[in-house]
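Coordinate inspection notes
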Amino acid sequence: MEYRRMGKSGLQLSVLSFGSWVTFARQTDDHTNERLMTQAYEAGVNFFDNAEVYSAGLSEEMMGRVLKKLNWDRSSYVLSSKAYFGWKGEDKKPNQHGLSRKHLMEACHEALERLQVEYLDLYYCHRPDANVPMEEVVRTMNTLIQQGKVFYWGTSEWTAAEIMEAHMIAKDLGLEGPAVEQPEYNLFNRRKLEVDYAPIFRNVGMGTTIWSPLASGILTGKYNDGIPEGSRMSLEGYEWLKDRAVVEDKINRIKALGDFANELGVSLPTLSIAWCISNPNVTTAILGATKVDQLTENLKALEVLPLMTEEVKQKIDDIMGTKPVVIRN
Ligand code: NDP
């Protein structure tokens, strides 16, 4: 396993990590999740990602039970959660979601309880919240840090301007700004990380824990000939994802990328993941896997990483046509 420093912070994250969105929702017992987490940990994965909203709190509960059972040394792994969406679904009341001091503090306490730990290494604002002053967010995250309940705070899917506003306020107040951002990053979605955040990487320093490196599985090629039974896109409640992801134009490019992976003698999922982590501004790619075989395959991305030369990346750009165009005046 390779470990990377999370931005300017001193924290080291494994370049491949493990997340529990959708994945844990689908397991009715703890057994599969225990196997997946054990497999990841034994391969050197040290970061496990969660959020209050994943399966409405059940994902944190399940991970908490598994961690308790496995009894790994707490200092050997990094655990995260995120607040914003709340976990009470349609019934949520005004202060049961968002980034107010009230919700952030309460959500953090609930996450600690559900995960059965004394502190979260990383705690994210899962989305920006236009209804809460930035100063309230910055102060609250720093309070949690000062109380020892959170070690580093971060953002997820914030714009570069919002991240910079948080940094400027934190600097003015002598407090800590966000150390890490969690954006989507994969061969279909590149602009934010490669263009928008570039000045932040350059001028402030920021770690990134990127999500959906396989664009929800589509970059494995498994949807090339339709929707396989039991796959994420076949699940009730995820129709929005299928409509967005499984479109002819994308599938054609994935088929061509699959041919190129064959030429290189590697699998499509490993090529897609290795491409993500070949970007030095990516601290870690969070893997999602519902089966042991998937995780075994995806962890091999580390072996494919050395193949990501400029020439290979250029060929990938030519096939995908998703390299962001930067217009400078
Ligand atoms: P991916 O894009 O890697 O998709 C993972 C899914 O693809 C798996 O659950 C599986 O789904 C399928 N898959 C994975 N590997 C293979 C393989 N080798 N062969 C065939 N199918 C495969 O990641 P996720 O979308 O799951 O995101 C990863 C993590 O990122 C989440 O768990 C979460 O922690 C975080 N996240 C954060 C968000 C945020 O807003 N901050 C948003 C979304 C995710 P299946 O078997 O069901 O087809």
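What counts as what
Residues numbered from 1 in each chain as written. Predicted model: local features only at pLDDT ≥ 70, side-chain atom pairs only at ≥ 80, totals over all residues. Heavy atoms only, no water. Helix = DSSP H or I, 4+ residues; strand = E, 2+ residues; numbered from the N terminus. Rg over C-alpha atoms; globule rule 2.2 N^0.38 Å. Buried < 20%, exposed > 50% of the residue type's maximum accessible area, 1.4 Å probe, protein only. Contact = heavy atoms within 4.5 Å. Areas by Shrake-Rupley, 256 points an atom, 1.4 Å probe, with all protein chains shown as cover. Lys, Arg positive; Asp, Glu negative; His and termini not counted. Charge placed at Lys NZ, Arg CZ, Asp CG, Glu CD. Pairing = 2+ DSSP bridges. Right-handed = clockwise from strand over helix to strand, strands pointing away. Core = buried A, V, L, I, M, F, W, Y, C linked by side-chain atoms within 4.5 Å. Axes fitted to C-alpha atoms, helices over the stretch in contact; angles between N-to-C directions. Parallel < 35°, antiparallel > 145°, perpendicular 65-115°, else oblique. Left-handed = near helix turned anticlockwise from the far one by under 90°. Nonpolar A, V, L, I, M, F, W, Y, C, P; charged D, E, K, R; others polar. Phe/Tyr/Trp six-rings, centres within 6.5 Å; stacked < 30°, edge-to-face > 60°. Lys NZ or Arg CZ within 6 Å of the ring centre and 35° of its normal. Salt bridge = Lys/Arg side-chain N within 4 Å of Asp/Glu carboxyl O.

**Thoughts on the overall build of the protein**
Within the protein, the secondary structure is distributed over 13 helices and ten strands. Relative to the 2.2 N^0.38 estimate, which gives 20 Å for 329 residues, the radius of gyration of the protein is 19 Å and therefore close to what a compact globule would have. Structurally, the protein occupies a C-alpha span of about 55 × 55 × 40 Å along its principal axes. Looking at the protein as a whole, 56% of its 329 residues qualify as buried. Here the analysis covers contacts within the protein between residues at least 6 apart in sequence; of these, 77% occur between residues at least 24 apart. Here the protein has roughly 14,900 Å² of accessible surface; of this, 49% comes from carbon and sulfur atoms. The protein carries 37 positive and 45 negative side-chain charges, and their two centres are separated by 2 Å.

**Some points on the pairing of strand β7 (residues 150-155)**
Side-chain positions along a regular strand alternate between the two faces of the sheet. Summarising the sheet, strand β6 (residues 120-125) and β7 pair through five bridges and their orientation is parallel. Looking at β7, one finds that tyrosine 124 is bridged to glycine 154. As for the winding sense of the linkage, the β-α-β connection from β6 through helix α4 (residues 134-146) to β7 is right-handed. As paired strands, β7 and strand β8 (residues 180-181) are joined by two bridges and run parallel to one another.

**A word on the nonpolar core**
Judged by nonpolar contacts, the single largest core of 90 residues is most densely connected at Phe48 and Ile316. Excluding residues that lie within four positions of it along the chain, phenylalanine 48 makes contacts with Phe18, Met37, Ala40, Tyr41, Met63, Trp72, Tyr77, Val78, Leu79 and Ser80.

**Considerations on the packing of helix α9 (residues 248-264) against helix α13 (residues 310-320)**
Remark: α9 packs on α13, axes separated minimally by 9 Å, with the N-to-C direction vectors making an angle of 155°. What the angle tells us is that α9 and α13 run roughly antiparallel. The interaxial crossing formed by α9 with α13 has right-handed handedness. Packed against α9, whose contacting residues are Arg253, Ala256, Leu257, Phe260 and Leu264, the element α13 presents Val312, Lys315, Ile316, Ile319 and Met320 at the interface. Taken together, the residues of the contact of α9 with α13 sort by class into eight nonpolar, no polar and two charged.

**Notes on the packing of aromatic side chains**
Tallied over the full model, the rule gives ten aromatic pairs. An angle of 65° between the planes, with centres 6.5 Å apart, marks the rings of phenylalanine 18 and phenylalanine 48 as edge-to-face. Taken together, the residues phenylalanine 18 in strand β3 (residues 16-19) and phenylalanine 48 in strand β4 (residues 47-49) connect sequence positions 30 residues apart. A relative accessible area of 1% means that phenylalanine 18 is categorised as buried. Grouped by ring-pair contacts, the aromatic residues Phe18, Tyr41, Phe48, Trp72 and Tyr77 constitute a single cluster. The aromatic ring of tryptophan 87 is capped on one face by arginine 114, whose charged end is 4.9 Å from the ring centroid. Of note, lysine 250 hangs over the ring of phenylalanine 188, and the distance from its end group to the ring centre comes to 4.9 Å.

**What to know about the sheet that holds β4**
Here we have eight strands rolled up into a closed barrel, ordered β3-β4-β5-β6-β7-β8-β9-β10, and parallel in their pairing. For strand β9 (residues 207-210) and strand β10 (residues 284-287), the ladder comprises two bridges, and the chain directions are parallel. Bridging across to β10, isoleucine 210 finds its partner in alanine 285. Strand contacts of α4: β6 and β7, with the helix running at about 155° to β7, the strand carrying the most contacts.

**Comments concerning the pairing of strand β5 (residues 78-83)**
Of all six residues making up β5, six are buried, and the element is well covered by its neighbours. Residues of β5 alternate between two faces, with Val78, Ser80 and Lys82 on one and Leu79, Ser81 and Ala83 on the opposite face, all of them buried. At this point the chain moves from β4, through helix α2 (residues 58-70), to the parallel β5, and the crossover so formed is right-handed. Two elements, β5 and β6, share four bridges in a ladder whose sense is parallel. What sits directly across from serine 80, in β6, is leucine 122. Crossover handedness for the path β5 to helix α3 (residues 101-115) to β6: right-handed.

**A look at the pattern of salt bridges**
Using the criterion set out here, one finds 13 salt bridges in the structure. Put simply, arginine 190 and glutamate 194 hold a salt bridge, and the shortest N to O gap is 2.8 Å. The exposure class of arginine 190 is buried, given its relative accessible area of 6%. Its relative accessible area of 26% is what places glutamate 194 among the partly exposed residues. The closest approach of N and O atoms between arginine 253 and aspartate 249, which form a salt bridge, is 2.6 Å. One end of the pair, arginine 253, and the other, aspartate 249, are both in helix α9, four residues apart, so they sit about a helical turn from each other. Through salt bridges with shared partners, a single network forms among Arg190, Glu194 and Asp317.

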